[in-house]
Amino acid sequence: MLKNDQLDQWDRDNFFHPSTHLAQHARGESANRVIKTASGVFIEDRDGNKLLDAFAGLYCVNVGYGRQEIAEAIADQARELAYYHSYVGHGTEASITLAKMILDRAPKNMSKVYFGLGGSDANETNVKLIWYYNNILGRPEKKKIISRWRGYHGSGLVTGSLTGLELFHKKFDLPVEQVIHTEAPYYFRREDLNQTEEQFVAHCVAELEALIEREGADTIAAFIGEPILGTGGIVPPPAGYWEAIQAVLKKHDILLVADEVVTGFGRLGTMFGSDHYGLEPDIITIAKGLTSAYAPLSGSIVSDKVWKVLEQGTDENGPIGHGWTYSAHPIGAAAGVANLKLLDELNLVSNAGEVGAYLNATMAEALSQHANVGDVRGEGLLCAVEFVKDRDSRTFFDAADKIGPQISAKLLEQDKIIARAMPQGDILGFAPPFCLTHAEADQVVEGTLRAVKAVLG
Ligand code: PLP
């Protein structure tokens, strides 16, 4: 058995961690943690600390940790057939079954699922399919993709460009020129504090119309958005937003990609966020909740409308020149089948809706009167608390004060609860596993209040 201090040294000497301050980590100036095991909503590190994971990893372990049914399905698949590819019409019972299970649950007018490994590569696939689609339709100029500031769609070249967060662009020469951004539907951060929600929606629509006008609708292929902004701050859209945006997209023949990497498979208490907000997407991105992260797997669900053009494309040009070695990996697919079965058997989607409503209500009740809490918001099992220096003037703290990270660190230290300091703004995010109980939700809210008081008084 390795000692922690030795692991600590090997970690700092050898391991290039994602989304980490590399220099501080290598020098041993920032904390590291070695996770050993987990069960339900709790994870445990090598030092025996048991932590309530109120962010489900990276909002992905939706059915909770330690599900033996999924572990067994993975082991059975690995024993029977660990790998075969899915090129030129090959498949496995797991991958074929999973594609059917996804389509059975997807919003109407969806046709096929292409499988990838993670949310970033699924969105890269989507952009390629959209470009192919417009080339087949004889519209080679119609290629730009509109994303929103504060949207999160991955960290590849195109997907990092789609992501509307400064950290993901700075010094990486992103965004690429085919990606353009529009206003985030973030009512709390509206510029004009006198605007009603309705006026703010009209403003978002006007911004989108103006962008389309400037660029030319015949150069714009698609609009991508998360039904509810996730990493950009956990921000539900204002009422009427999606209806109004979709009307603009339809008018200009712009495809809609619903990025459901976080919302897909139940996080909002409905199977898809598109169901929740009345979206009618042309393509849906799925990942995280598809396997509850028991194995890497993502997907692009393609609508009938897009699929017909892709078929035409291969009739004209031969097989589609797109695929990964690990597309529809049997182990990921087996995990996905077991995970979706478990969601149904344990009624976890409706639990997410019910406990989510409870978590959001109790969080709002406990925190919304605090002098430095500007907004408590959420939907289903997504919840966020945003901190301000002054409520009346909605003045934000200086980013250098790191109020959000300080509060999440205090919550971890005092109550052993993991919440996520979201990357842009002083925003504490919660996205627990769907098996969260009311008592655990109470624990999260009480701990958060204690942490807020400890940092801000
Ligand atoms: N899309 C959304 C909405 C996400 O939240 C994420 C990751 O958090 C991604 C895409 C990228 O997924 P991955 O990190 O699996 O590449």
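For the structure itself, look to the data block above.
Computed from a predicted model, the values in this text were never measured in an experiment. (Residues numbered from 1 in each chain as written. Predicted model: local features only at pLDDT ≥ 70, side-chain atom pairs only at ≥ 80, totals over all residues. Heavy atoms only, no water.)

1. What about the packing of aromatic side chains?
Here comes step 1: Here the structure, examined in full by the defined rule, presents 9 aromatic pairs.
Here comes step 2: Both rings, one in F265 and one in F272, keep their centres 5.1 Å apart while their planes meet at 55 degrees; by these two values the pair is tilted. As far as burial versus exposure is concerned, F265 and F272 are alike and both buried.
Here comes step 3: Ring pairs connect the aromatic residues F223, Y241 and W242, which therefore count as one cluster.
Here comes step 4: For K50, the ring lying beneath its charged end belongs to F42, and the centroid distance is 4.8 Å.
Here comes step 5: Looking at R190, its charged tip hangs above the ring of Y187, at a distance of 4.0 Å from the centre. (Phe/Tyr/Trp six-rings, centres within 6.5 Å; stacked < 30°, edge-to-face > 60°. Buried < 20%, exposed > 50% of the residue type's maximum accessible area, 1.4 Å probe, protein only. Lys NZ or Arg CZ within 6 Å of the ring centre and 35° of its normal.)

2. Quick look at the packing of helix 4 (residues 68-81) against helix 12 (residues 330-345)
Here comes step 1: With their axes 8 Å apart at the nearest point, helix 4 and helix 12 run at an angle of 150 degrees to one another. As the angle between them shows, helix 4 and helix 12 are arranged roughly antiparallel. In this structure, helix 4 meets helix 12 at a crossing whose hand is right-handed. From helix 4, E69, I70, A73, I74, Q77, A78 and L81 reach across to helix 12, where they touch P330, I331, A334, A335, A338, N339 and L342. (Axes fitted to C-alpha atoms, helices over the stretch in contact; angles between N-to-C directions. Helix = DSSP H or I, 4+ residues; strand = E, 2+ residues; numbered from the N terminus. Parallel < 35°, antiparallel > 145°, perpendicular 65-115°, else oblique. Left-handed = near helix turned anticlockwise from the far one by under 90°. Contact = heavy atoms within 4.5 Å.)

3. Some remarks on helix 4
Spacing of three or four residues puts side chains on the same side of an α-helix, whose turn is 3.6 residues.
Here comes step 1: Over its 14 residues, helix 4 runs 19 Å from end to end, which matches the ideal 20 Å to within 8%, given 1.5 Å per residue.
Here comes step 2: Regarding helix 4, the residues found buried are I70, I74 and Q77. The arc enclosing the buried residues of helix 4, seen along the axis, measures out at 65 degrees, which places them on a common side. Opposite the packed face of helix 4, turned more than 90 degrees from it, sit the exposed residues R79 and E80.
Here comes step 3: Close packing links the buried residues of helix 4 with helix 5 (93-105) and helix 12. (Expected span 1.5 Å × (residues − 1). Arc of directions from axis to C-beta.)

4. Re the layout of surface pockets
Here comes step 1: There is about 930 Å³ of room inside the second largest pocket.
Here comes step 2: By residue number, the principal contributor to the lining of the second largest pocket is strand 4 (residues 110-116), which donates 5 residues.
Here comes step 3: Across the lining of the second largest pocket, the residue classes break down as 15 nonpolar, 10 polar and 2 charged. (1 Å grid on protein atoms, 1.4 Å probe; cavity = no way out; pocket = protein on both sides within 12 Å on 5 of 7 lines; lining within 4 Å. Points joined across faces, edges and corners; volume = space filled by probe spheres on them. Nonpolar A, V, L, I, M, F, W, Y, C, P; charged D, E, K, R; others polar.)

5. Let's talk about the sheet that holds strand 3 (residues 50-53)
Here comes step 1: The sheet built from 4 strands is open, its strands ordered 1-2-3-13 with mixed pairing. This sheet does not close on itself; its edge strands, each paired only once, are strand 1 (35-39) and strand 13 (417-418).
Here comes step 2: Here strand 3 pairs with strand 13 via 2 bridges, running parallel. Each residue of the ladder has a partner; that of D53, found in strand 13, is I418. (Pairing = 2+ DSSP bridges.)

6. Points about helix 9 (residues 241-251)
Here comes step 1: Of all the residues in helix 9, the buried ones are Y241, W242, I245, Q246, V248 and L249. Viewed end-on, helix 9 has its buried residues packed into an arc of 160 degrees, placing them on one side of the element. In this structure, helix 9 carries E243, K250 and K251 as exposed residues pointing more than 90 degrees from its buried face.
Here comes step 2: The secondary structure elements touched by the buried residues of helix 9 are strand 5 (144-148), helix 8 (197-215), strand 7 (220-225), strand 8 (255-259) and helix 10 (273-277).
Here comes step 3: The positive-phi residue at the C-terminal boundary of helix 9 is D253, with phi of around 55 degrees.

7. Comments concerning the site of the ligand
Here comes step 1: Residues in contact with the ligand, as listed here, are G118, G119, S120, N123, Y152, H153, G154, E226, D259, V261, V262 and K288.
Here comes step 2: One nitrogen or oxygen atom from the main chain of Y152 is found 3.4 Å from a nitrogen atom belonging to the ligand.
Here comes step 3: Contacts to the ligand include K288, whose side-chain N or O atom sits 2.9 Å from an oxygen atom.
Here comes step 4: Contact with the protein chains removes 81% of the 390 Å² of surface that the ligand exposes when unbound.
Here comes step 5: Of all the elements, helix 6 (residues 119-136) adds the most residues to the shell around the ligand, at 3 residues.
Here comes step 6: Grouping the constituent residues of the shell around the ligand by class yields 3 nonpolar, 6 polar and 3 charged. (Near = heavy atom within 4 Å. Polar contact = N/O pair within 3.5 Å; in protein donor to acceptor, adjacent residues only side chain to side chain. Areas by Shrake-Rupley, 256 points an atom, 1.4 Å probe, with all protein chains shown as cover.)

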